[in-house]
Amino acid sequence: MFSYCTDPATLEGLQWLSCYLTTGKHMSMYYAFGTVLLLLAITAPTALAFGFAGASAARSTVAPFRWFGKTYIAVVRGIPDIAFFLFFVIALDQAFEYIRHRIKCPDWTEPVRQGNDFIVCTAAKLPLGNAPQWVHETYGFMLAVLTFAIVFGAFAANVLFGAMRAVPHGQLETAEAYGMSRRQTFWRVLVPQMWVYALPGLSNLWMVLIKATPLLFLLGVEDIVYWARELGGAKQPQFTDYPHPDWRMWYFGALLVFYLCFTKVSEVVLDRIMAKLTHGQATTAGERQRKAAAA
């Protein structure tokens, strides 16, 4: 906060604006941008790991694994995202608390489910009632990460499953003919080549994940959309030192610019990754590169 911001009523023009944009609530909004980026940084590899596990299970020769993988892909993809986010987080939170309740309070005699209420002992609460605020925020954020990873992991699993099937079967047969085991063929031949076929679908999924970050608000995390609505609404002089009319258009316009710039940077990076992966490959993109180099 600038030193001249002690009396906002005396400020005008750029001084008023600079003081307004450096209030505590605005700093929380700036931190929320970091929250969104952190969510993407953690969720993307986690969802990819879920997807790889789901795709591997779906093509397994062991029937229970295959059923589990295909069920995971079908069920999660078939449920609307907003319904899954609203239901699953509550169910997951209660599942964690119920397990802790059974371990920490074995002598509890009252039923946990009492009508519409879910009641566990105090020691089983997650997080504990006397825990610092940052613990509550971190717990809510990790629940959000896990939920995002499960949802987008199912879509990633479907993309990777299709990419695995797109790898020419003749190459797998050749690897086996050279004496490679099934595991060696999977890791040395199938997995390295499948990324060429998977990247277009994964690129689209990354863009969808970026656009889905406003769903953090549904999970109780104060994200940039929450702060844009909170700060942009009309403020009366009796409630704030910085009164202003409805400015939500400007705040959401700033978010529009942020997301457009972020997706544009993502497109450039993904195009370069695709060019590197397809270099020398017998794919449409690889042939296009070869012909361009020859010309």
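Structure: above.
Let us look at the structure shown here. Keep in mind that this is a model prediction, so the values were computed, not measured.

Right, let's talk about the state of the cysteines for a bit. A complete count under the given rule lists 1 disulfide for this structure. Residue Cys-105 pairs covalently with Cys-121 via a disulfide, S to S 1.9 Å. Measuring the twist about the S-S bond at about 85 degrees, one finds the Cys-105-Cys-121 disulfide to be right-handed. Of this pair, Cys-105 sits in the loop between helix H4 (81-104) and strand E1 (113-114) while Cys-121 sits in the loop between strand E2 (117-118) and helix H5 (133-166), and the two are 16 residues apart along the sequence. We note that Cys-105, like Cys-121, is buried.

What follows concerns the pattern of salt bridges. Side chains bearing opposite charge may pair, as long as their charged atoms lie close to each other. Applying the stated rule across the entire model yields 3 salt bridges. The shortest N-O distance in the salt bridge between Lys-235 and Glu-230 comes to 3.9 Å. Overall, the relative accessible area of 28% leaves Glu-230 in the partly exposed class. In the salt-bridge network here, residues are joined through shared partners; they are Lys-25, Glu-230 and Lys-235.

Aromatic rings considered in pairs are described by the distance between their centres and by the relative angle of their planes. Summed over all chains, the structure comprises 10 aromatic pairs. Summarising the aromatic geometry, the rings of Phe-52 and Phe-186 are spaced 6.0 Å apart at their centres and angled 50 degrees between planes, so their arrangement reads as tilted. Residue Phe-52 is located in helix H2 (residues 24-58), and its partner Phe-186 is located in helix H7 (residues 182-212); the two are separated by 134 residues in the primary sequence. Given the relative accessible area of 14%, Phe-186 is considered buried. Judged by centre distance (5.7 Å) and plane angle (35 degrees), the rings of Phe-52 and Trp-187 are tilted. A residue pair is termed long-range when its members are at least 10 positions apart, and Phe-52 in helix H2 and Trp-187 in helix H7 qualify at 135 residues. With a relative accessible area of 17%, Phe-52 lands in the buried category. A residue is classified by how much of its surface remains accessible, and Trp-187, at 48% relative accessible area, is partly exposed. A connected cluster of aromatic rings, assembled from ring pairs, spans Phe-33, Trp-206, Phe-258, Tyr-259 and Phe-262.

So, about the nonpolar core. Phe-148, Phe-152 and Met-194 are the most contacted members of the largest nonpolar core, which has 69 residues in total. With 16 residues, H5 is the single largest residue contributor to this core. Not counting residues within four places of it along the chain, the set of residues in contact with Phe-152 comprises Ala-47, Leu-205, Val-208, Leu-209 and Ala-212. The next biggest cluster of nonpolar side chains, apart from the first, holds 6 residues, and it includes Cys-105, Val-112, Val-120 and Ala-124.

Reading the values: rules and limits
Residues numbered from 1 in each chain as written. Predicted model: local features only at pLDDT ≥ 70, side-chain atom pairs only at ≥ 80, totals over all residues. Heavy atoms only, no water. Disulfide = S-S within 2.5 Å. Helix = DSSP H or I, 4+ residues; strand = E, 2+ residues; numbered from the N terminus. Buried < 20%, exposed > 50% of the residue type's maximum accessible area, 1.4 Å probe, protein only. Salt bridge = Lys/Arg side-chain N within 4 Å of Asp/Glu carboxyl O. Phe/Tyr/Trp six-rings, centres within 6.5 Å; stacked < 30°, edge-to-face > 60°. Core = buried A, V, L, I, M, F, W, Y, C linked by side-chain atoms within 4.5 Å. Contact = heavy atoms within 4.5 Å.

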